[in-house]
Amino acid sequence: MVDSLKIELQFSGGMELLFDNQKAIVTQVPTQFPLESSASDEKPHAANIKDLIGWMATTLLKERPELFIGPDGSVRSGILVLVNGADWELEGELEYELEDGDEIVFISTLHGG
């Protein structure tokens, strides 16, 4: 059994500023959540985008978490998410189960002016 999934994360529209100015990060994400170190009573399940967002917020995010993650555990309003080139709404949004080799893109549509 594979313990982690190779996922490529891409950021644009200013999102990269929250992730140490990196436009792309190839990372290994756990295959199951919650993690063993978690105090959650949640049953183990295959990693999904909601898990990925929380994991990114605690593992990769360098600053201003309020600009990335909302109080419901999803991305903030104004951030487009693409899963392998398709709008995440077509893939099940937060419930999409991650697969090895997935490409997840986060694009901020909020710009100063």
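Residues numbered from 1 in each chain as written. Predicted model: local features only at pLDDT ≥ 70, side-chain atom pairs only at ≥ 80, totals over all residues. Heavy atoms only, no water.

If you look the protein up in an unreviewed UniProt entry, it shows as Ubiquitin-related modifier 1 from Podila minutissima. Under the Pathway (unreviewed entry) heading, UniProt states for the protein: "tRNA modification; 5-methoxycarbonylmethyl-2-thiouridine-tRNA biosynthesis." As stated in UniProt under Sequence similarities (unreviewed entry), the record for the protein gives "Belongs to the URM1 family." (UniProt positions renumbered as here; feature names shortened; annotations may be inferred.)

Our focus in this paragraph is the overall build of the protein. Counting its regular elements, the protein contains 1 helix and 7 strands. Ordered by position in the sequence, the α and β elements of the protein form the string β-β-β-β-α-β-β-β. For 113 residues, the compact-globule estimate of 2.2 N^0.38 gives 13 Å, and the C-alpha radius of gyration of the protein, at 14 Å, lies within 12% of that figure. Projected onto its principal axes, the C-alpha positions of the protein cover 45 × 30 × 25 Å. Counting across all 113 residues of the protein, residues that qualify as buried make up 39%. Expressed as a percentage of contacts within the protein between residues at least 6 apart in sequence, the contacts between residues at least 24 apart total 55%. Surface accessibility of the protein: about 6,700 Å² in total, with carbon and sulfur atoms responsible for 48%. Each charge class in the protein was averaged separately, 7 positive and 21 negative side chains, and the resulting centres sit 7 Å apart. (Helix = DSSP H or I, 4+ residues; strand = E, 2+ residues; numbered from the N terminus. Rg over C-alpha atoms; globule rule 2.2 N^0.38 Å. Buried < 20%, exposed > 50% of the residue type's maximum accessible area, 1.4 Å probe, protein only. Contact = heavy atoms within 4.5 Å. Areas by Shrake-Rupley, 256 points an atom, 1.4 Å probe, with all protein chains shown as cover. Lys, Arg positive; Asp, Glu negative; His and termini not counted. Charge placed at Lys NZ, Arg CZ, Asp CG, Glu CD.)

Checked against the element boundaries, Ala-46 lands in strand β4 (residues 45–46). Through-space distance from the C-alpha of Ala-46 to that of Ile-104 is 17 Å; in sequence the pair is 58 residues apart.

Relative to the helices and strands, Glu-93 is located in the loop between β6 (86–87) and β7 (103–108). Exposure remark for Glu-93: the relative accessible area of 33% places this residue in the partly exposed category. Apart from residues no more than four positions distant in its own chain, Glu-93 is found in contact with Ile-49 and Trp-88.

Next up on the list: the sheet that holds strand β1 (residues 4–12). The strand order across the open sheet built from 5 strands is β2-β1-β7-β5-β6, with neighbouring strands paired in mixed fashion. Each end of this open sheet is capped by a strand with a single partner; those strands are β2 (24–30) and β6. Relative to β6, strand β5 (residues 79–83) runs antiparallel, the two sharing 2 bridges. Counted as the bridge partner of Leu-82 is Asp-87 from β6. Its contacts with the sheet put helix α1 (residues 49–59) on β1, β2, β5 and β7, and the angle it makes with β2 is roughly 110°. (Pairing = 2+ DSSP bridges. Axes fitted to C-alpha atoms, helices over the stretch in contact; angles between N-to-C directions.)

Our focus in this paragraph is the packing of aromatic side chains. Inspection of every chain in the model, using the stated rule, returns 4 aromatic pairs. Arranged with centres 4.2 Å apart and planes meeting at 10°, the rings of Phe-11 and Phe-19 form a pair that is stacked. This pair shows no difference in class: Phe-11 is buried, exactly as Phe-19 is. An angle of 85° between the planes, with centres 5.3 Å apart, marks the rings of Phe-19 and Phe-68 as edge-to-face. Here Phe-68 lies in the loop between α1 and β5 and Phe-19 lies in the loop between β1 and β2, a separation of 49 residues in the sequence. Comparing Phe-19 with Phe-68, the two get one shared label, buried. (Phe/Tyr/Trp six-rings, centres within 6.5 Å; stacked < 30°, edge-to-face > 60°.)

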